[in-house]
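Spelled out from the first residue to the last, the chains are:
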Amino acid sequence: MNKPNFSDKYISIGKITKPHGLKGFCKFLLFNDSSESLCGVDNLKIKKEELIVDLKVENFDLSSLLIKFFDINDRNAVERYRDFEILILRSNIKSNKDDLYLVDLVGCELYFDDNKVGSILETLSYSGNDLLKIIDSKSKEHLIPIRKELIKFFDIEGRKLVMFNIEGILDI
């Protein structure tokens with residue numbers, strides 16, 4: 001098991017949600033509903049906290065969101081990978097040079113209009129919304145929803161994200 005630099009080399013595109021059936025298949029959730037990034041991939045990295053595992057893909061079905069790995073042949077064996085993130089090399093994603101991924105926001109300073117809110121610690125993806133986990137100047141953590149229509153400006157070189165002010169969000 002090795003530890004690649006995830007923000008530069010790897011993109012988290014989904015997570016394993018639960019075992020499916022008795023023969024080692026597992027269901028997964030894609031963070032991007034229209035993603036075809038897994039098509040043609042023979043090997044995957046999966047990650048949970050600091051544990052990183054390389055797995056060889058035996059069978060993959062994008063229409064039913066099922067994946068089967070070599071040498072994992074029963075429900076109990078796949079259960080240990082529940083809630084692992086699915087990672088692929090950034091270079092394997094067919095994209096434009098201007099494409100931005102949530103992981104690119106980690107480490108940036110977040111502003112609401114002209115007011116600095118804090119630093120972005122991580123991004124969280126849920127079926128209903130993506131969230132930014134930030135820490136403010138008082139070391140308090142906040143979860144901020146992130147959507148295209150809320151972003152005013154993003155400077156990747158300057159590591160700065162400016163969003164429209166969300167009234168009351170920091171009071172929660």
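Just so it is clear, the model here is predicted, and its values are computed rather than measured.

Draft legend 1. View of the side chain of Lys-47. Residue position: Lys-47 is located in strand β3 (residues 43-48). There is no salt bridge for the buried Lys-47, and the closest opposite charge comes from Glu-85, which lies 4.3 Å off by N-O distance.

Draft legend 2. Examining the packing of aromatic side chains more closely. The final tally for this structure, using the stated rule, is one aromatic pair. Ring geometry for Tyr-81 and Phe-84: centres 5.4 Å apart, planes at 85°, overall edge-to-face. As far as the burial class goes, Tyr-81 and Phe-84 line up, both buried. For Lys-160, the ring lying beneath its charged end belongs to Tyr-111, and the centroid distance is 4.6 Å.

Draft legend 3. Examining unusual backbone geometry more closely. At Glu-49, a position not held by glycine, the phi torsion is positive, near 55°. Mapping Glu-49 onto the fold places it in the loop between β3 and β4 (51-61). Residues other than glycine seldom take positive phi values, yet Arg-159 does so here, at roughly 55°.

Draft legend 4. Here's a closer look at the environment of Gly-118. Locating Gly-118 in the fold gives a position in strand β8 (residues 115-125). Contact partners of Gly-118, with chain neighbours within four places excluded, come to Cys-108, Glu-109, Leu-110, Ile-135 and Asp-136.

Analysis parameters
- Residues numbered from 1 in each chain as written.
- Predicted model: local features only at pLDDT ≥ 70, side-chain atom pairs only at ≥ 80, totals over all residues.
- Heavy atoms only, no water.
- Helix = DSSP H or I, 4+ residues; strand = E, 2+ residues; numbered from the N terminus.
- Buried < 20%, exposed > 50% of the residue type's maximum accessible area, 1.4 Å probe, protein only.
- Lys, Arg positive; Asp, Glu negative; His and termini not counted.
- Salt bridge = Lys/Arg side-chain N within 4 Å of Asp/Glu carboxyl O.
- Phe/Tyr/Trp six-rings, centres within 6.5 Å; stacked < 30°, edge-to-face > 60°.
- Lys NZ or Arg CZ within 6 Å of the ring centre and 35° of its normal.
- Contact = heavy atoms within 4.5 Å.

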